[in-house]
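What the coordinates show
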Amino acid sequence: MTDTIRISVDAMGGDNGPRIALHGAQLSLRERRNTSYIFHGREEVLKPLLEEFPDLKAVSTIRHSETVIAMDDKPSQALRKGRGNSSMWAALQSVKDGEADVAISGGNTGALMAMATFCLRPIEGVSRPGIAAIWPTLRSDIIVLDVGATIGADARQLVDFSILGAALARALFDQQQPSVGLLNVGTEEVKGLDEVREAARYLSEASGAGFRYHGFVEGDDLGKGTVDVVVTEGFTGNIALKTAEGTARQVGTYLRNALKANFMSRVGALFASSALNALRRKMDPRSVNGGVFLGLNGIVIKSHGGTDEVGYKSAVGLAYEMARSRLIDKIDEGLKRFPIKPADSTAEDGKASKPEANPA
C-alpha cells in the first residue's frame, strides 16, 4: 500500500445529500493530509459542491455515475438497476480494481451489503460477511458484530464473526490476543440456543489461535467492556445497537433538562462545563459513526445515512485507519492460523440465513 490512503466515496448515498460526504471528507483531510478521494455520483451535482472545499478539490477526482440507489430500494432491486452504473457500485469497483484502498457509503445498508458481496466476493473460508460496530464502553472501545448483515446466524457463521472481529481488534486496537465473548441470555454453559452453544464449544477449543475465548456475555457486559469483541447474530446485534444509540440520546436529554431546571442548576453547569463537554463528546453517537463490512476481499465502511458532516468525518477516519492498518492482511493471517471450522449447518439442511434487507 502506498503512503497515501485512497478513499472511494459513494457521494450520493445518505439521507442528507452529497454535501455531507464532501464536508465530512474535508474535516477529515485537515487531520489526515496523506489522503486522496474518488467521489462517485452525478458530476453536475458534485462539481460545484467540490468548489466550496479547495483543499479537498486538490486531492479529489469525480467519477460520474448517473444512477443513485434509493434508501428504500430492496437489495435485489438495487442489484438489478445499479450493477455497473450506480455511484454505490462504482465506489466498490474502485476498490476491486485497486484504484482505492477502501470504499465508504452512507446509502442503503442492505443494498450496499448485497452489492459489496457481489462485487468484492467473500474471502475464501468465510461463509457470510458481517457488519462490525465500534462500541464505546466504561473500559475502552470494543467491537460488536454482527449488527445487521445476517439474521439467525448458525454456529459456523458465529465462529466466522469471531475470527473477523478478532482480526479487526488486532488491526484497530493493536491487540495480539483480543478477548472474544458470545452474547447470550446468561453466562452458564447450558443456556442459549443450540447454535450459540455449539459455537461456544468450538471457540473454547480453539482459544489461543489469534484470540482468547472468554465465554458467554450478557447485555450489560456491552457497556462494561467485559471483552474486546462481542459476537452475536444480526437481528440481536442491530437491536442492541439502536437501543444503545437511543439510550445515549435519552440520557443526554435528561441531563440537559436537569441542568436547565433552575438557576442553581445553571450555575452548577457553568462550573462543571469542562466535564460536561467531555461527557457530551463521549456520548455523541457521531464520534463512533461507521460500521465495517468484514469478510470481503476489500474494505467497505458504512456510514449512518442520517448523520451530519461530523459523523461522516468519523466514518472517513475509520476508513483511513482500516486501510492504514492492513485489515485484509490481518484477516487472512487469522484465517490461516485457525483450525478447521465446524460444518456449515445451512449446507446440511438446505436453509440459508436471511440477510437483513435494510438494517440501518
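All figures in this text were calculated on a predicted structure; none of them were measured in a lab. (Residues numbered from 1 in each chain as written. Predicted model: local features only at pLDDT ≥ 70, side-chain atom pairs only at ≥ 80, totals over all residues. Heavy atoms only, no water.)

Things to note about the overall build of the chain
Secondary structure assignment for the chain yields 15 helices and 13 strands. A globule of 360 residues ought to have a C-alpha radius of gyration of about 21 Å, and the chain, at 21 Å, matches this closely. By principal-axis analysis of the C-alpha atoms, the chain measures approximately 60 × 60 × 40 Å. Burial statistics for the chain: of 360 residues in total, 52% are counted as buried. Excluding contacts between residues fewer than 6 apart, the proportion of contacts in the chain whose partners are at least 24 apart in sequence is 73%. Put simply, the chain shows about 16,300 Å² of open surface, and 53% of that area lies on carbon and sulfur atoms. Averaging the coordinates of the 43 positive side-chain charges in the chain and doing the same for the 44 negative ones gives two points 4 Å apart. (Helix = DSSP H or I, 4+ residues; strand = E, 2+ residues; numbered from the N terminus. Rg over C-alpha atoms; globule rule 2.2 N^0.38 Å. Buried < 20%, exposed > 50% of the residue type's maximum accessible area, 1.4 Å probe, protein only. Contact = heavy atoms within 4.5 Å. Areas by Shrake-Rupley, 256 points an atom, 1.4 Å probe, with all protein chains shown as cover. Lys, Arg positive; Asp, Glu negative; His and termini not counted. Charge placed at Lys NZ, Arg CZ, Asp CG, Glu CD.)

A few points about the sheet that holds strand S10 (residues 229-231)
Pairing within the open sheet is mixed, and its 11 strands lie in the order S3-S2-S1-S4-S12-S11-S5-S6-S10-S8-S9. Looking at strand neighbours, the two that pair on one side only are strand S3 (60-64) and strand S9 (212-217), the edges of this open sheet. Strand-to-strand twist across the sheet, computed as the mean angle between neighbouring axes with direction ignored, equals 25 degrees. Sheet topology note: the strand S2 (residues 35-41)/S3 ladder contains five bridges and is parallel. When the bridges of S3 are listed, Phe39 appears paired with Ile62. (Pairing = 2+ DSSP bridges. Axes fitted to C-alpha atoms, helices over the stretch in contact; angles between N-to-C directions.)

Focus: the environment of Asn85
In this structure, Asn85 sits in the loop between helix H4 (75-82) and helix H5 (87-96). Along the backbone, Asn85 and Asp15 are 70 residues apart, and their C-alpha atoms lie at a distance of 20 Å.

A closer look at empty space enclosed by the protein
One pass over the full model with this rule turns up one cavity of 30 Å³ or more. Roughly 70 Å³ of internal volume is contained in the largest cavity. Here the residues of the lining of the largest cavity sort into three nonpolar, nine polar and one charged. (1 Å grid on protein atoms, 1.4 Å probe; cavity = no way out; pocket = protein on both sides within 12 Å on 5 of 7 lines; lining within 4 Å. Points joined across faces, edges and corners; volume = space filled by probe spheres on them. Nonpolar A, V, L, I, M, F, W, Y, C, P; charged D, E, K, R; others polar.)

Description of the packing of helix H7 (residues 155-173) against helix H14 (residues 327-336)
Relative orientation of the contacting elements H7 and H14 amounts to 130 degrees, with a least axis distance of 9 Å. Between H7 and H14, the interaxial angle falls into the category oblique. Two packed elements cross with a definite hand, and for H7 against H14 that hand is right-handed. Contact residues: H7 offers Ile163, Leu164, Ala167, Leu168, Arg170 and Ala171, while H14 offers Leu327, Lys330, Ile331, Gly334 and Leu335. Here the residues of the contact of H7 with H14 sort into eight nonpolar, one polar and two charged. (Parallel < 35°, antiparallel > 145°, perpendicular 65-115°, else oblique. Left-handed = near helix turned anticlockwise from the far one by under 90°.)

Some details on helix H6 (residues 109-120)
Turn by turn, an α-helix covers 3.6 residues, leaving residues three or four places apart pointing in a common direction. A rise of 1.5 Å per residue sets the reference length of H6, with its 12 residues, at 16 Å; its end C-alpha atoms lie 16 Å apart and thus fit the reference within 8%. Counted residue by residue, H6 has 10 buried out of 12 residues, so it is predominantly covered. Those residues of H6 lying buried are Thr109, Gly110, Ala111, Leu112, Met113, Ala114, Met115, Ala116, Cys119 and Leu120. Elements that come into contact with the buried residues of H6 comprise H4, H5, strand S4 (102-105), strand S5 (130-135), strand S11 (291-294) and strand S12 (299-302). Arg121 occupies a position one or two residues after H6 and carries a positive phi of about 70 degrees. (Expected span 1.5 Å × (residues − 1).)

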